[in-house]
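Structural description and commentary
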Number of protein chains: 2
Amino acid sequence: MADQQQNPSGEDALIARYFKPLATDPGAFGLLDDAATLDARGEDIVVTTDAIVAGVHYLPDDPPDTVARKALRVNLSDLAAKGATPAGFVLTLALRRAEEQWLAEFARGLGEDAKLFGCPLLGGDTVSTTGPAMLSITAFGRAPRGAMVHRSGAKPGDHIMVTGTIGDATLGLDILKGGAVATALTGDEAARAFLIGRYHIPQPRNALALAVRDHASAAMDVSDGLAGDLAKLCVASGVSAVVDAPSIPISDACAAALARGVAGIERLVSGGDDYEILCAVPEARAGSLALAAQRAGVALTTIGQVIAGTGAPRFLDARGEDITLARLSYSHF
Amino acid sequence: MADQQQNPSGEDALIARYFKPLATDPGAFGLLDDAATLDARGEDIVVTTDAIVAGVHYLPDDPPDTVARKALRVNLSDLAAKGATPAGFVLTLALRRAEEQWLAEFARGLGEDAKLFGCPLLGGDTVSTTGPAMLSITAFGRAPRGAMVHRSGAKPGDHIMVTGTIGDATLGLDILKGGAVATALTGDEAARAFLIGRYHIPQPRNALALAVRDHASAAMDVSDGLAGDLAKLCVASGVSAVVDAPSIPISDACAAALARGVAGIERLVSGGDDYEILCAVPEARAGSLALAAQRAGVALTTIGQVIAGTGAPRFLDARGEDITLARLSYSHF
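Reading the values: the criteria
Residues numbered from 1 in each chain as written. Chains lettered and ligands numbered in written order. Predicted model: local features only at pLDDT ≥ 70, side-chain atom pairs only at ≥ 80, totals over all residues. Axes fitted to C-alpha atoms, helices over the stretch in contact; angles between N-to-C directions. Helix = DSSP H or I, 4+ residues; strand = E, 2+ residues; numbered from the N terminus. Parallel < 35°, antiparallel > 145°, perpendicular 65-115°, else oblique. Left-handed = near helix turned anticlockwise from the far one by under 90°. Contact = placed C-beta atoms within 7 Å. Nonpolar A, V, L, I, M, F, W, Y, C, P; charged D, E, K, R; others polar. Pairing = 2+ DSSP bridges. Least-squares fit on C-alpha atoms with pLDDT ≥ 70 in both. Buried ≥ 20, exposed ≤ 12 C-beta atoms within 10 Å, placed from the backbone. Domains from an automatic or database assignment.

Our focus in this paragraph is the packing of helix α3 (residues 64-81) of chain A against helix α4 (residues 100-116) of chain A. Residues and elements named next belong to chain A. Running from amino to carboxyl end, α3 crosses α4 at an angle of 40 degrees, the nearest separation of the two axes being 7 Å. Between α3 and α4, the angle falls in the class oblique. When you trace α3 past α4, the crossing you get is right-handed. Note on element contacts: α4 touches α3 through Trp102, Glu105, Phe106, Arg108, Gly109, Leu110, Asp113 and Ala114, opposite Pro64, Asp65, Thr66, Val67, Ala68, Arg69, Leu72 and Arg73. In terms of residue class, the contact of α3 with α4 is built from eight nonpolar, two polar and six charged.

This is how it looks when you write it as structure tokens:
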């Protein structure tokens, strides 16, 4: 019997080896308990949850450290858009089998990002599945009471602003799948690597979270495609919007793909996986937010304006004519 | 375009139809936002997460409302053992396809239990998978600062107490799989139904949570088997234990299976899925906790004693001789 106590189950041994080092918050109790505690300090605890599935949200042979980073960062991106400061996360890991090498790389990537974003592991559950691997993370942030930024709140006249560049990740996925973008960018290794990197490792804009909280009237992160997500923000706010499509920020690599005719605007605004902040900002606050973004080193671009109405957002081309979007965003079902 | 706004994606429509009615907490914002907030009111937020996978933790053709109840209740059971009052939960639902009838039944069961236990839905994520269905729930409870009951804290001399009865669920699973217990209990429909019910729908002991917080020195819920879970509590507390096996509470249905020779003590204490509270209680507090349990209508039984040492817990038979347990608990890997 003593031997059994010295040799905990495979599950417990894996947790102790790979995940205990990540549980740096005192409220995680070294992952030795059944629950964790969040000391709320009188603030609101902002809660968000996002799952990624092998073959759906990432490719089964993606590097394990990037899978871990993506799982955490898609949640960090939500906290950033809600104006919350990361406080920690819990992880559910469903695996077909426990492969030491995969887990070691996975835990390394997860630990590095947890440290980088100040968002320690608080607990989790490890289960077996006969299907594809799945990672579900619930992340916690702090915000002063009632200060979370909502999807609702956008008002006619507000600037519509977006961080970073749009459309990179969907082109990166196309390259990984050997699609038309891969062929068009043959030889341009820098562009290919950039786009693939944008698919593998989102760049959540947590550096801008407090400024978004101070200045935005509404915000959300772009995960399912700019067009669909803007439509959701508009519905929640009871408004509509007009977007000047040529203003949508795109990367040089994305521009190269566009120039070769293998992707159009519709692809960029409906592809998803951007994990940029989309926000509505009152005219009088737009300058302050732009300045804060500049200081934080985060690109921020005005792409349109909130208008009164209940129609879906319109996307206008360089001549001011409506672009017809057949598909607004990615849907699982 | 306006039509698209009127016809949200399948995913959003499913959420609006089935899950929005469950989001009764103001912090859930009607599931229309990307995050929820927990107003912590100066207390600790206790966080726990547990996932269940079709074919691993439940059978794919189990009634959908029981699948929902089990997913929520395994988490409520953790909150109960930690001495926390339920505050809400987030749900990740990974499904191969969205079947309306399954989802309707699932949401009904989930909503009923959320109401019954005062634990409303705060948010979630719905994703597609090519594998078996999986439900991951992260549940939140409240406890005064620092008051969460830990696995550590058990002291030599403490009573080891357990709620309800042990071993029912593992026998229920055997019946569902058409095993030896099914054959042995042929004709005894009441016993079969009781054991299957114990597998399908755990009975978390949240009614006893505050009393556990007031009286127990250490506690956890029994999910992977009494023997293995007691071993974990002992390791965390730096103690050992002696259990009087004949004192372990079993149901009449379980006793019938034992009498027919199709299950032994080892099966009962290593099978898992009990979702009862296991706790260590100082001698002077055992009477008070027993009284509180009586008032709450929860059976509570002393099954042994904490002793000094670091060996695995010993289980003694009616003659005081050691029972050799080859397997302490269920392990996923």
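As a further point, take the sheet that holds strand β4 (residues 121-128) of chain A. Reading across the sheet, the five strands line up as β4(A)-β3(A)-β5(A)-β2(A)-β1(B) and stay open at both edges, with mixed pairing between neighbours. Each end of this open sheet is capped by a strand with a single partner; those strands are β4 of chain A together with β1 (36-39) of chain B. Within this sheet the neighbouring strands show an average axis-to-axis angle of 20 degrees, counted without direction. In terms of strand pairing, strand β3 (residues 85-95) of chain A meets β4 of chain A through seven bridges, oriented parallel. Residue Leu91 of chain A lies in a different strand from β4 of chain A, and its bridge partner there is Gly124 of chain A. Set on the sheet, α3 of chain A makes contact with β2 (44-53), β3 and β5 (134-143) of chain A; between it and β2 of chain A the angle comes to about 145 degrees.

Turning next to the relation of the copies chain A and chain B. The operation relating chain A to chain B is a screw motion whose rotation component is 180 degrees, with 0.0 Å of axial translation and a residual RMSD of 0.0 Å. One copy is carried onto the other by what is essentially a two-fold rotation axis. Distance from the rotation axis, computed per C-alpha, reaches its smallest value in chain A at Gly131 of chain A: 2.0 Å. Looking at the interface residues of chain A, 99% of them are also at the interface in chain B, so both copies use one shared face.

All names here are of chain A. The six strands lie next to each other as β7-β9-β6-β10-β8-β11, forming an open sheet whose pairing is mixed. What marks the edges here is a single partner per strand, and that holds for β7 (218-222) and β11 (314-316). Pairwise comparison of adjacent strand axes, ignoring direction, gives a mean angle of 25 degrees for this sheet. One ladder, built from four bridges, connects strand β8 (residues 240-244) with strand β10 (residues 300-307); its direction is antiparallel. Residue pairing across strands places Val242 opposite Gln305, the latter belonging to β10. Set on the sheet, helix α12 (residues 283-296) makes contact with β6 (159-163), β9 (276-281) and β10; between it and β10 the angle comes to about 160 degrees.

All names here are of chain B. Among the five residues of strand β7 (residues 218-222), five are classified as buried, and the element is accordingly described as predominantly covered. With five bridges connecting them, β7 and strand β9 (residues 276-281) associate as antiparallel partners. Following the sheet pairing, Met220 is matched in β9 by Leu278.

What follows deals with the packing of helix α5 (residues 168-176) of chain A against helix α7 (residues 189-200) of chain A. Residue and element names in this part refer to chain A. At a minimum axis separation of 7 Å, α5 and α7 run at an interaxial angle of 110 degrees. The angle between α5 and α7 places the two elements in the roughly perpendicular class. Only Arg192, Leu195, Ile196, Arg198 and Tyr199 of α7 make contact with α5, whose side of the interface consists of Asp168, Ala169, Leu171, Gly172, Leu173, Ile175 and Leu176. A breakdown of the residues in the contact of α5 with α7 according to their chemical character gives eight nonpolar, one polar and three charged.

Here we come to the interface of chain A and chain B. Taken together, the contact pairs 69 residues of chain A with 68 residues of chain B. Tallying contributions element by element places β2 of chain A first for the side of chain A that touches chain B, with nine residues. In terms of residue class, the side of chain A that touches chain B is built from 31 nonpolar, 24 polar and 14 charged. Alignment of strand β1 (residues 36-39) of chain A against strand β2 (residues 44-53) of chain B, held across four bridges, turns out to be antiparallel. Bridge pairing in β2 of chain B links Ala36 of chain A to Val47 of chain B.

Let us now look at the environment of Val46 of chain A. The topology assignment puts Val46 of chain A in strand β2. Between the C-alpha atoms of Val46 of chain A and Arg145 of chain A, which are 99 residues apart in sequence, the distance is 9.9 Å. Residues in contact with Val46 of chain A, not counting those within four places in the same chain, are Leu79, Lys82, Ala84, Phe140, Gly141, Arg142, Ala143 and Met148 of chain A together with Ala35 and Thr37 of chain B.

Let us look at the domain arrangement of chain A. All names here are of chain A. Domains assigned within chain A are domain 1 (2-143) and domain 2 (159-316). Taken together, the contact pairs 19 residues of domain 1 with 18 residues of domain 2. With 11 residues, the top contributor of residues to the side of domain 1 that touches domain 2 is α3. Tallied by class, the residues present in the side of domain 1 that touches domain 2 amount to 10 nonpolar, four polar and five charged.

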